[in-house]
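Observations on the model geometry
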Amino acid sequence: MFEMLYGPFAEFDFMQRALVGVIAIALGGGPVGVFLMLRRMSLTGDAMAHAILPGAAIGYLLAGLSLPAMTIGGLFAGVIVAVAAGLVSRLTSLKEDASLAAFYLLSLALGVTIVSLRGSNVDLLHVLFGTVLALDDSTLLLLAGISSATVLTLAVLYRPLVLECVDPTFLRSVSRAGTPTHLIFLGLVVLNLVGGFHALGTLLAVGMMMLPAAASRFWSSDITMMMILSVVIGMVSGFAGLLLSFHVELPAGPSVILAAGIIYAGSLIFGREGGLLWLAWPGRHLEA
Amino acid sequence: MPAAATSIQFDEVTLGYGRRPAVHHLHGEIAPGSLTAVVGPNGAGKSTLLKGIVGTLRPLEGRIRLTGPANARIAYLPQAAEIDRTFPLSVYDLVAMGLWSRSGLFGSIGAKDRARVEQALDAVGLVGFERRPIATLSGGQMQRALFARLLLQDSPVILLDEPFTAIDAKTTADLLDVVRRWHDESRTVVAVLHDLDTVKRVFPQTLLIAREPVAWGETSDVLSPENLLKARRMVEAHDPHAAPCHRGAA
């Protein structure tokens, strides 16, 4: 029985690598997801994941399935869309969601057009859904580097980031840190999406950010605790998802996201902070 | 306490949105250490004026200058502060944000600072609320917390935009005590207000505006029936064919 839990990882090198990869992704993605959620930017993450696709596709067209080319392409596309949308929303009266939608639609259309120049290819599946079971050394190093950089940057930016979420007017009145903080944070989102994209593809990468974060909200109303929980939930999802895919022979990437989705659904029902069961049977009201 | 009181000087200031003036050709000075009420009908440009002083809105024309200690900081309480009340944050942490000017991005908050947070909470009557999430505060309690944050900012200039709107009498009285204390400490305080009784009771100086400045000076002189009537006649409608203003252009 226990054999089933660790056997695949002890026996197969590719399973070990996949586990290391998803753990790294969970470490960076969880906290970023928590902030995305608290700033009501969950869909922003989704939109940016789409914005990365064309950049990665251009990299792929120029250099084939090359890690640096696709990473750099994805980063470029993501950062351009994030920064442009951020600046437009800050300098004009257009809100962030609208400006982001405009930019990511533009880049998505551009990307699809570019991809179609070369016609269909099996490798395109790699771009769309990732290859969590085929992570090589350099990709693992990239993922580890991204999650380390993310955790460090969040530690440094924590104070202005929280202030920017709670009371942006106040932050503007005491400091000029607001806009740079916002842009650096968007940069982190892109970085983590590009990392996640190598393992899970452009479409599912955002799942390792938002599902653990959303699940953690049902267990705690303390930001630090939420970030820790989101990391743990992400790692458990990765572990469970990989096992599921191994034993039942499901595609690995979607299994990981499905596992995270199951934890989310469980939290939604049983969570102590506004979970459905607690809402339905809150117990007798208190004296005061 | 601020070493030297700060004045706010307006040099033919026009503030607005696009090319439309919301405050038109304001000229004069808010004296150092004065306690000034800004009064006028809705749409008179009161909030716009405060935004201009804080610097979040650039004047279309003219200049606003703060004299006194170099780069004097301003503490600003906006009307209906854009605070995300659902954010998981404690009252203590919200109030402690007022320490930003000393702690900055990375500075630590020491025992002395924590004592100051406790004092500020005490001054606004929020002792015992430290650990409460901000989501659970009533409107009045939230305003008390924001005043505690202003106290911690320890600024020579304090701007309040309709601080007592939708606030009950007890809370208003308590917070007015805080305002009086600021005045006693020679801080320059400017508050946008609608309740003329409060203005007459507490604020020695008043600026009555209705897009154009109507009257400015001692409260008893400014709030004359004639001036109030003049302010009320302000044209609210906006003229789609307004010509460019050349006042003050040589």
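I will try to describe carefully the structure that is included in this document.

Criteria and cut-off values
Residues numbered from 1 in each chain as written. Chains lettered and ligands numbered in written order. Predicted model: local features only at pLDDT ≥ 70, side-chain atom pairs only at ≥ 80, totals over all residues. Heavy atoms only, no water. Helix = DSSP H or I, 4+ residues; strand = E, 2+ residues; numbered from the N terminus. Rg over C-alpha atoms; globule rule 2.2 N^0.38 Å. Buried < 20%, exposed > 50% of the residue type's maximum accessible area, 1.4 Å probe, protein only. Contact = heavy atoms within 4.5 Å. Salt bridge = Lys/Arg side-chain N within 4 Å of Asp/Glu carboxyl O. Axes fitted to C-alpha atoms, helices over the stretch in contact; angles between N-to-C directions. Parallel < 35°, antiparallel > 145°, perpendicular 65-115°, else oblique. Nonpolar A, V, L, I, M, F, W, Y, C, P; charged D, E, K, R; others polar. Pairing = 2+ DSSP bridges. Expected span 1.5 Å × (residues − 1). Arc of directions from axis to C-beta. Polar contact = N/O pair within 3.5 Å; in protein donor to acceptor, adjacent residues only side chain to side chain.

A word on the overall build of chain B
The secondary structure content of chain B amounts to nine helices and nine strands. In summary, chain B has a C-alpha radius of gyration of 19 Å against a globular reference of 18 Å for 250 residues, a match within 12%. Per-residue burial for chain B yields a buried fraction of 51% across its 250 residues. Long-range pairs, those at least 24 residues apart, make up 72% of the contacts in chain B between residues at least 6 apart in sequence.

Topic: the pattern of salt bridges
Evaluation of the coordinates by the stated rule reveals 11 salt bridges over all chains. In this structure, the salt-bridge partner of D13 of chain A is R17 of chain A, at a minimum N-O distance of 3.2 Å. Linking D13 of chain A with R17 of chain A, this pair stays in helix α2 (residues 13–38), spanning four residues, or about one helical turn. Taking the relative accessible area as the measure of exposure, D13 of chain A reaches 48% and is therefore partly exposed. Here R17 of chain A falls in the partly exposed class, since its relative accessible area comes to 21%. A salt bridge links R39 of chain A to E164 of chain A, with the shortest nitrogen-to-oxygen separation between them at 2.5 Å. With R39 of chain A in the loop between α2 and α3 (42–63) and E164 of chain A in helix α7 (residues 137–166), this residue pair connects regions lying 125 residues apart in the sequence. Bridged by salt links that share partners, the residues D154, R181, E185 and R187 of chain B form one connected network.

Section: the packing of helix α1 (residues 2–11) of chain A against helix α11 (residues 223–248) of chain A
Residue and element names in this part refer to chain A. Orientation of α1 relative to α11, taken along the N-to-C sense of each, is 85°, at an axis distance of 10 Å. Viewed along their axes, α1 and α11 adopt a mutual orientation that is roughly perpendicular. Side by side, α1 and α11 meet where M4, L5, P8 and F9 of the first sit next to F239, L242, L243, F246 and H247 of the second. A per-class count over the contact of α1 with α11 returns eight nonpolar, one polar and no charged.

What to know about the sheet that holds strand β5 (residues 74–77) of chain B
Residues and elements named next belong to chain B. Taken in spatial order, the six strands line up as β5-β6-β7-β3-β8-β9 in an open sheet, and their pairing is mixed. Looking at which strands have only one partner, the edges of the open sheet turn out to be β5 and β9 (212–218). Within this sheet the neighbouring strands show an average axis-to-axis angle of 15°, counted without direction. Of the pairings in the sheet, the one linking strand β8 (residues 205–210) to β9 comprises six bridges and is antiparallel in character. Within β9, the residue paired with I209 across the bridge is P213. Against the sheet, helix α1 (residues 46–54) makes contact with β3 (35–39), β5, β6 (157–161), β7 (188–192) and β8, and its axis sits at roughly 150° relative to β6, the strand it touches most.

Side note on helix α4 (residues 111–123) of chain B
An α-helical segment advances 3.6 residues per turn. Residues three or four places apart therefore align on the same side. Residue and element names in this part refer to chain B. The first and last C-alpha atoms of α4 sit 18 Å apart over 13 residues, in line with the 18 Å expected at 1.5 Å per residue. Within the span of α4, buried status applies to D113, R116, V117, A120 and L121. In a view along the axis of α4, the buried residues occupy a sector of 140°, so they form one face of it. Of the exposed residues in α4, the ones pointing more than 90 degrees away from its buried face are A111, K112, Q119 and D122. Just past α4, the residue G125 takes up positive phi, approximately 75°.

With respect to the sheet that holds strand β4 (residues 61–66) of chain B
Residue and element names in this part refer to chain B. Read from one edge to the other, the open sheet built from three strands follows the order β2-β1-β4, with strand pairing classed as antiparallel. Both outer strands of the open sheet, β2 (20–30) and β4, are each paired with one neighbouring strand and no more. Each strand axis lies, on average, 25° off the axis of its neighbour in the sheet, ignoring direction. Sheet topology places strand β1 (residues 8–17) next to β2; seven bridges connect them, and they run antiparallel. Bridging across to β2, Y17 finds its partner in R20.

Notes on the side chain of R187 of chain B
Residue and element names in this part refer to chain B. Assignment of secondary structure puts R187 in the loop between α6 (169–184) and β7. Residue R187 is classed as buried on the basis of its relative accessible area of 5%. One polar contact links R187 to D154, side chain to side chain, over a distance of 3.0 Å. A distance of 2.9 Å separates the side chain of R187 from the side chain of E185, its partner in a polar contact.

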